[in-house]
Structure formats: structure tokens, C-alpha cells
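Structural characterization, general
Residues per chain are reported as follows:
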Amino acid sequence: MRFQIERHSSGGLPLISEIPEFGVVRLEGYNGVGKSLTVRLLQICAASPFPFDVESQAWRSFCTGLGRLTVTVTGLREAHELRLDIDGEAMFEASQATGSQTLDWFEAAEMDGQPLRSLDELRALLSVRRISGDVGLIETLAEMADEQARLIEAQVEPGLGHDKLGQAEALLSDLSEQLGSYSSQLMGERQAAASKAQQERETGEQALRTAVTRLEQLDELSAMVARLQTIDVEGQQLDDQLTRLEAEIAEVRSQLKEATERLSDAEKASVNTQELLRQMESAERSYKNAAGRVRNLTLELAEVLQAAGADDVNQLERRRVELQGRLEQGRQRRVELDASDAMGKLIDQLQPLIDAAIAAGLGEQPLLAAAEGPLKQWTVVRLGEALTRRRDELRQVPNLREAVQLDKQIADMEAALRGLAKVEPLLEQRSKWQKKIDDALKLSSELDEQLDAAAAEKLEQLRDERRRLDEQLAQLAGERAILSHRRDALGAPQEREALAKSLAQKLDEEGLSEQELPTELTAASRAADNERQALGHLSEILRSAAAAAERDKAELAAIVRALESDNRYAWIKRLKVALPRAEQAPEEQLAALDQLKAGLELANARFDSFRTLFAGVRSGLRSGLSATLRGLEPTANFRLPELQRWLESEAKSWFSDSAVAKALLGDGATDISVDLTTKQIAWKSASGEARNKPLEALSSGEQAFAFTQARLALLSQETRRVANRLIALDEFGAFVSVNRMQELAGYLQHWRHSHTGDQILLILPTSQDYAALANATTGQQAERYRRMAQALADDEYLVEQFQVD
Amino acid sequence: MSEASPISKPEDIPPALAAVLTEFERALLALLLDPEADGDDVARRLVEDALSD
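In short, a report on the structure. (Residues numbered from 1 in each chain as written. Chains lettered and ligands numbered in written order. Predicted model: local features only at pLDDT ≥ 70, side-chain atom pairs only at ≥ 80, totals over all residues. Heavy atoms only, no water.)

Some thoughts on the overall build of chain B
Rules: Put simply, DSSP H or I for four residues or longer makes a helix, DSSP E for two residues or longer makes a strand, and each gets a number counted from the N terminus. A simple rule labels every residue: compare its accessible area, found with a 1.4 Å probe on the protein chains alone, to the largest value its type can have, and call it buried under 20%, exposed over 50%, or partly exposed in between. Per-residue accessibility takes into account occlusion by the displayed protein chains alone, with areas from the Shrake-Rupley method and a 1.4 Å probe.
Secondary structure summary: chain B contains three helices and zero strands in total. Secondary structure elements of chain B, listed N to C terminal, follow the sequence α-α-α. Relative to its 53 residues, chain B shows a buried fraction of 55%. For chain B, the exposed area adds up to about 2300 Å²; of that, 47% sits on carbon and sulfur atoms.

Here it is in C-alpha cells:
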């Protein structure tokens, strides 16, 4: 490249007017001729980083001193000519307006006669880099770390695809929100609580059954005791009453017999014709027949009434109504008992539907509507509660015993009603035969009219007496029938013995005495009540736990549905992981969700780490690595060991260059390593001897040479592609000893060949008297020295292709 | 003064950063620089890598 600077006005600042197109250019001149200022101007012309703070006085002075000028660059790759017109004052004003550099800093900026479209276009064409020699190796390494931090900030972070990061963050956030709504642990605990409540209720049901069975057993024993007591007490009373009654009947029967005989004798004595006697005897037979029938019917009626539980013929209708009512209730209860299993199953089928509806938020919606009554509407929740109560009722007590008892009661009531139905016909029959008695007595009275009055009166009296005794006998027979019925109901004596034996055996089995039975029965009754109450409580717990478990299932199903159908989660369908599916059991769904959730939580954590990664590495480079190298207290340590290893590796690579190694470490140096903690370089000499040396201890000449490698290496890290680059090596000529110049020249030429777009400008202070050297040499060398002496005399600087003197 | 030309491919990653990236971070960075990839791909890569651990 050839750089030409044409000044249109005198700005005051000295500048080098031309840098010729040599691969490695030597610019040598006295102090103050503008060597470094020219490089800085060219840095601005290439929009490369330059060392001015645009708000500083130095920047103002620099701009003012430039005046108006044109910089022309030719010999470029990918372009013929770059032309930049600058007005220093205008550039200063533009810099104050924009801060960072823009094309407005130039009056004109053209490439091959066409205005440049952007600074990026300029930067892609040309880069100007200045390497200062007055910086040490350690500082160079620190700057290298700083430069890496700068590149991360300027070139990596803006290129991260923040829209993609934002999209990914939104997707992860949506999924986290969805999966965050359930807790596997809580669901597991609630499921376990439901299972436990179910087990406890089953245990409670068993306990209640046991308690009720115990109560029934003791109840049965108590009934047996009571029965025995009844037999013993009431049976004796009945026996006594029957004995008395039998005696009374026998007495009345005897009186009746006597009365009948007296009547017969009186009739025979009073009647004087055979015909009348025959008629009287006929009337008498009619009477006896009718009286016997009345007596039998009275007996039968007493037995029927006793069996029907009716004490009085006047209460028959009331008794019938009562029996029919109880029979209807008994029959309904019997149907209910028969239906309990079926109804329990029906409720078991309905309850999950009700619970699911409640879980879906429909709990307060009306489900049933009554035509009238205080509860016109039944909500889903209310119906669910009613079903639970009914289910508990059906579960509470075994019904077989009640069913057996009920069957007997129904049969008894039916028999009683059948008996009641017989009462009316019996009464009618008895009334008919009583009328026949009256007829027979009336006939006898009519026949008496054929006798004298005294005889007739006597017969009338005897017949009245006999009738009274007949009626009394019928009455007593009826009473005996009632007592006999009651006595028969108590059982025969052998039955009593069997009952007593059975009671003794059962009490023995229970380990109880008859005296302990009442207390035990009370305790069993209380225990059954307690178990029933406990079961009610357990049922409430189960219902609550089961409802919670059902809600969990519904929530789980909703999450799975959302993952399957919501477009926000479409991206997870391509994940190489088993996702929960609607057809899976809740346990499987939960396992798949847990796996996904765990992955998501880790992904979120990594995402957050990635977000802070770049700032962390920047801090690690600047506030950690750089600070440490500069002897400052580090304030960041993000990945510091890794960063240090990287920089050590970079430094090692400089010293591993064969030319550098030979120059600084001697021939045959191997196993080179750099330790930035101790700031030492270590290697093995050709003889295999381990050597090391502090980096700071390298001589100034050695430092400058190594430093040059380092700084050029730093430039090679630039990631942005640029077609042409001018590298100015400034301010270190004084440190490069003459004996190192040869190696430096070789190294720069080597660099130039491997970086064809680069041109190197080596800036050196004038340190030799070239006129004297010309006089001391001959031939081409003398001629060169004379040209150099003349250039210095004319311009105070000289420019030539770099070569070692 | 700094240049502002964002990198567009993984090879442009500054060496200090490249030296300290984990394999996962490197892959994610490559995905962010890939013009064919979108936010779905980034989220999926994050979750899949987490699940594979």
C-alpha cells in the first residue's frame, strides 16, 4: 500500500507526507517530525481503534492541528484507491455530536471514486494498527486479555441472536409456568393420604361390624335371659291362673250339670202329657246344641283375637289399620334391604362423575331441580354430599339379621290380619247361635203356658239359672283359651330347659356371667356408637382426601392435554424424551412430567448461566486475569484458571516460535512453558537441563523482540476479515538491541509472507550519523547512507524498505 | 473507540472465550449464530441437553 497525505492548509501538526508501498517499511526520523501522529491519523482514516478520548483536550488539539487535508491510499487489495478528505475542525465538531466515529467525520470518503456507504465497508477494506514498544511483556499479556474482553463485548454479545434468546426464554418460561402448577410431592402425599384414608375407613368399617356383631350377640343373650325370666315369672303366673280357672270352670260345669238335672227333673214332674214332655225335651236339645255352639265360637273368637293382638272386639278396626300400616312399612324396609347392595353400587358409579365435575369447577352448578320444597335446587356439591351420606348409611350395618327379623314380623302381621278377618264371621255365627238359644228358650216358655203358673215360674227360674251358668262357662272357656294361648307362646317346659342350656353355653363362651351381661351390653352399645361415630369421621376424611386426589388427577389431565394441544408447547413434541400422554395412567403421566420438569429446571439454570457467561468471561479477563498480571487485587474470578491457562498457552506459543526460542532461550530449547502465576518461563536446554527465568527479567532487547511477537500475535486474533492492514511498530526501536535486529527483520519478513494483506511500518528514532557512515563505507552501502543522510537533512526523516544495517 | 461488527459464525469467537466454553455452551452459541435455527431450536437444545445429563 502507498499512503499519501496532501495538505490543503497548514494545521500546525507535522505529518509524514508519504509511506511507500514496501512490504516492511522503515520510517526513521528525529523526534517531533510527526511519525506517531501520522500513524494516528491513518488509524482514523481506517476507522480503526485509536487512543484518543474525543472529549479530551488532546483530541481537540489533534483535530485543530490537522487543518484540511486529503489522504489517498493506493496499491490496495480489492480496490484501486481510497480517498478521504478531512477538515480537522469539522471532524472535531462531528465527533462531539456523535461520540463514536461515523462517515460524517470525513468531508468526503470515496473508494474508487464512489462514496463509501458505511464504516464497515471502510473497515473491511483497511485496518491500521499501532504497536507501541514501550509496553512490557506482562502488560502486553494483560492488554491481550483486555482486548479479548473488548472483542467479546463488541463482537460476540451483539451477535448472539437476542431475538432467539428471547423466544427461547419465553418458551421455557411458558413451559415452566405450566409445569410449575403441579407438585409431584404434594400429589403423591395427597394420593397416599387418600389410600391411607381408604384403608382406615375399611378398618373402621370392620371395627364397626365387629362391634355391632358383639352387640347383637350380647343383645341375643339378653333376649334369652329376658325370655327365661318371662317364662319363669309369667309362665308360673299363667299356670296358676289356668289352675284357678280350670277349678272355676269345673265348678261352673258342675253347677251347670246340676242345674240341667234340676231343670230336667222339674220338667218331668210338671208335665202331664207325653206330647208336651216330648216337645219340651226337643226344645231343650235345641238349647243345648245352640249353647254348645256359642261356647265353642266364643272360645274360637277368644283365640283369634288373642292371636291378632286385639283385646277388644270394639277395637278391631283400629287394630287392623295399625297392622296394615306397620306391614306396609315392614315390606318397604324389606325392599330397601334387598336393594342396599344394588344402591351402593349405583352410588359408587355416580360418585366419581360428581367428583370430577366438582374438580372441573362445576360444584355450585344446579344439577337437580325439585318442583317444590325448601331445597328447590340441588347443586353438584350438595348431591355429592348426599350420595356420600347415603353410601355411608348403606355400608354401616350388616342387614341379614334385620332381614330375618323383619321377615318374621311380616309373617306375624300377615297372620294377625288374616285372624282379624275371621272375627266378623265368628261374631255373626255366634250371634246366630245365640238367637237360636233365645228361640229355644222362647219355645220352652210357650210350652210352659200349658202348665200351672207355679210350675211354669219354677221352670223359668231354672232355665235362667242354667243360661247364666252356660254363659259363665263360655266366658271362662274363652279366658282359658287366652291364657292357654299365652302359655303356649312361652313354650313347653323342655323348650325352657333347652333355652337355659343354650344361654349357659353362650355365656360360658363369652366368659360372662348373667349378672355381668347388662353392664357388658351397655359397654358394647357404647362401643358400637363410638365406632359408628368414628366411621363417620373417617368417611369425611376419606371424602376430603379422595376429592383432593381427584382434583389432582383432573389437574394432571389438564396439563397433559395442554402439552398435547397448546401451540405454545408444540416445540417440545420434537424432544427426544417420552412425553406424558392422555391415555396413560396418572402415575405414568406424573413420572413423565417429573422427568420433563427436572430437565426444564436444569435447562433454565443453564440458560441463566449462559446469559451471564459473556459478562462473566469479560470480568474474568479484565478484573481477574488482567488485574492479576498488573499486580492489582483481582475482583472477579469467573473461569479464571481456564482463562489463565489459555493465556499461558498463547504466551508459550510465542516462545515456541523457532526464531524467538532461539533468540531468547538458546538453541535447542524444548518443553517451553509459561506460568503466569509465578510470571516465569520454563524450558529445557539442548543439554536437557531445566531452566526458568522471570518474564520481567528478560532484557529490554529480549522483551522488545518477544513483545513484537506477542503484539503481532494479538493482531492475528482479530476475527473480522480485512483486505489490507498497516501495522505500525512504534516506540520500541530503542529497546531492540542491534544484535536482535537481524532476528526481528527475519521475523517481520516471515510475518509479511504469511500475512499477504499486511504492510509493516517500523518506526525508529534517528540514532546514527549516516553521513559519517557513508564516509566510512564504500559502494552501494555508502550510497545508501548518503541518501539517508540527505533525507534527514531535507525532511528530518527518511523512509525506505526495511533492511538490517 | 471500538469496532461494532458482530460475529456471525463460530470460527469468529475470540480465542479466550473459545478456550473456556463448555461443549454445551459452544453448541448453544453455534445455534444462536446459525441463521437456520430459531428460538424453538434453542429451547429444545437446552432441555435435551439437560435431560441427557
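The rest of the description comes next.
Details of the environment of Ile541(A)
All names here are of chain A. When you line up the elements, Ile541 lands in helix 14 (residues 517-565). Overall, Ile541 belongs to the partly exposed group, its relative accessible area being 34%. On a C-alpha basis, the gap between Ile541 and Ala193 in space is 9.2 Å, while along the polypeptide they are 348 residues apart.

With respect to the sheet that holds strand 4 (residues 68-74) of chain A
Residue and element names in this part refer to chain A. Note the threshold: One bridge is not enough; two strands pair if DSSP finds at least two bridges between them.
If you walk across this open sheet you meet the six strands as 2-1-4-5-6-7, and the pairing is antiparallel. Edge strands, defined here as strands with exactly one partner in the open sheet, are strand 2 (18-19) and strand 7 (114-115). When strand 4 meets strand 5 (residues 81-87), the two strands line up antiparallel, connected through seven bridges. Bridging across to strand 5, Val71 finds its partner in Leu84.

Description of a negative patch on the surface
Residues and elements named next belong to chain A. Inclusion rule: Patches in this entry comprise residues that are over 30% relatively accessible and not in a salt bridge; like charges within 9 Å are linked, as are nonpolar side chains (Val, Leu, Ile, Met, Phe, Trp, Tyr) within 5 Å. Whenever a carboxyl oxygen of Asp or Glu lies within 4 Å of a side-chain nitrogen of Lys or Arg, that contact is scored as a salt bridge. In this tally, Lys and Arg are treated as positive and Asp and Glu as negative; His is ignored, and so are the chain termini. Charged groups are reduced to one reference atom each: NZ for lysine, CZ for arginine, CG for aspartic acid, CD for glutamic acid.
On the surface, a cluster of negative charge is made up of Glu248, Glu251, Glu258, Glu261, Asp265 and Glu479. Ranked by residue count, the leading element in the negative patch is helix 7 (residues 184-270), at five residues. With respect to the element layout, Asp265 can be found in helix 7.

Observations regarding the nonpolar core
Heads up, the condition is: Remark: nonpolar core denotes a set of buried residues (Ala, Val, Leu, Ile, Met, Phe, Trp, Tyr, Cys) joined through side-chain atoms within 4.5 Å. The criterion used for residue contact is that any of the two residues' heavy atoms lie within 4.5 Å.
Membership of the largest hydrophobic core comes to 97 residues, with the highest contact counts inside it found for Leu141(A), Leu179(A), Leu563(A), Phe614(A), Leu621(A), Phe655(A) and Leu17(B). Examining the composition of this core, we find that 13 residues originate from one element, helix 15 (residues 586-629) of chain A, more than from any other. Ignoring sequence-local partners within four residues, the contact set of Leu179(A) consists of Ile559(A), Leu563(A), Leu593(A), Leu596(A), Lys597(A) and Leu600(A). Val39(A), Leu41(A), Phe52(A) and Leu726(A) belong to the second-largest nonpolar core, a separate cluster that totals 50 residues.

Details of the sheet that holds strand 8 (residues 126-132) of chain A
Residue and element names in this part refer to chain A. Threshold: What counts as an axis is a line fitted to C-alpha atoms, over the stretch in contact for a helix, and the angles between N-to-C directions run from 0 to 180 degrees.
Pairing within the open sheet is mixed, and its five strands lie in the order 8-14-15-3-16. In the strand order of this sheet, the two ends are held by strand 8 and strand 16 (797-801), each with one partner. For this sheet the average axis-to-axis angle between neighbouring strands, irrespective of direction, equals 20°. Two elements, strand 8 and strand 14 (residues 724-730), share seven bridges in a ladder whose sense is parallel. Each residue of the ladder has a partner; that of Ile131, found in strand 14, is Leu729.

Quick look at the pattern of salt bridges
Residues and elements named next belong to chain A. Enumeration according to the criterion identifies 55 salt bridges over all chains in this entry. For Glu246, the salt bridge goes to Arg480, with nearest N and O atoms at 3.0 Å. Note that Glu246 is positioned in helix 7 and Arg480 in helix 12 (residues 453-489), a separation of 234 residues in sequence. Between Asp448 and Arg463 there is a salt bridge, with the nearest N and O atoms lying 2.4 Å from each other. Of this pair, Asp448 sits in helix 11 (residues 400-448) while Arg463 is found in helix 12, placing the two residues 15 residues apart along the sequence. Counted as one network, the salt bridges with shared partners bring together Glu153, Glu157, Arg618 and Arg622.

Comments concerning the interface of chain B and chain A
By a frequent convention, interface size equals the accessible area lost on bringing the separate parts together. Under the convention used in this document: What counts as buried area is the accessible surface, traced by a 1.4 Å probe, that two parts surrender upon association, with contributions from both included. By the criterion applied in these results, polar contacts are pairs of N or O atoms within 3.5 Å in which, for protein atoms, one can donate a hydrogen and the other can accept it, and in which residues neighboring in sequence qualify only through two side-chain atoms. Three categories are distinguished: nonpolar for Ala, Val, Leu, Ile, Met, Phe, Trp, Tyr, Cys and Pro, charged for Asp, Glu, Lys and Arg, and polar for the others, with Gly belonging to the last.
Between chain B and chain A, the contact holds 41 residues from the first and 54 residues from the second. Where chain B abuts chain A, roughly 4000 Å² becomes buried across the two surfaces, and 67% of that area is made up of carbon and sulfur atoms. We note a salt bridge from Arg639(A) to Glu25(B), for which the minimum N-O separation is 2.6 Å. Summed over the shared surface of chain B and chain A, the number is eleven residue pairs in polar contact (both at pLDDT 80 or more). Elements supplying a minimum of two residues to the side of chain B that touches chain A: helix 1 (15-20), helix 2 (23-33) and helix 3 (39-52) of chain B. Looking at the side of chain B that touches chain A, the element that brings in the most residues is helix 3 of chain B, giving twelve residues. For the side of chain B that touches chain A, the residue count by class is 26 nonpolar, four polar and eleven charged.

Looking at a nonpolar patch on the surface
A cluster of nonpolar side chains, Met343(A), Leu346(A), Leu350(A) and Leu353(A), forms an exposed patch at the surface whose accessible area comes to about 350 Å². Within the secondary structure, Leu346(A) is located in helix 9 (residues 316-362).

Points about the packing of aromatic side chains
Residue and element names in this part refer to chain A. Going by this rule: Working definition: a ring pair exists when centres of Phe, Tyr or Trp rings (six-membered ring for Trp) sit within 6.5 Å. Plane angles under 30 degrees give stacked, over 60 give edge-to-face, the rest tilted.
In the structure shown here, the tally under the stated rule is four aromatic pairs over all chains. Between the aromatic rings of Trp59 and Trp105, the centroid separation amounts to 5.5 Å while the plane-to-plane angle is 40°, which identifies the pairing as tilted. With Trp59 in helix 2 (residues 57-66) and Trp105 in the loop between helix 3 (88-98) and strand 6 (108-111), this pair connects stretches of sequence that are 46 residues apart. Both rings, one in Phe610 and one in Phe614, keep their centres 5.3 Å apart while their planes meet at 85°; by these two values the pair is edge-to-face. Highlighted residues: Phe610 and Phe614, both in helix 15, separated by four residues, approximately one helical turn. For Phe610, a relative accessible area of 2% translates into the label buried. With a relative accessible area of 2%, Phe614 lands in the buried category. Of the aromatic side chains, those joined through ring pairs into one cluster are Trp59, Phe62 and Trp105.

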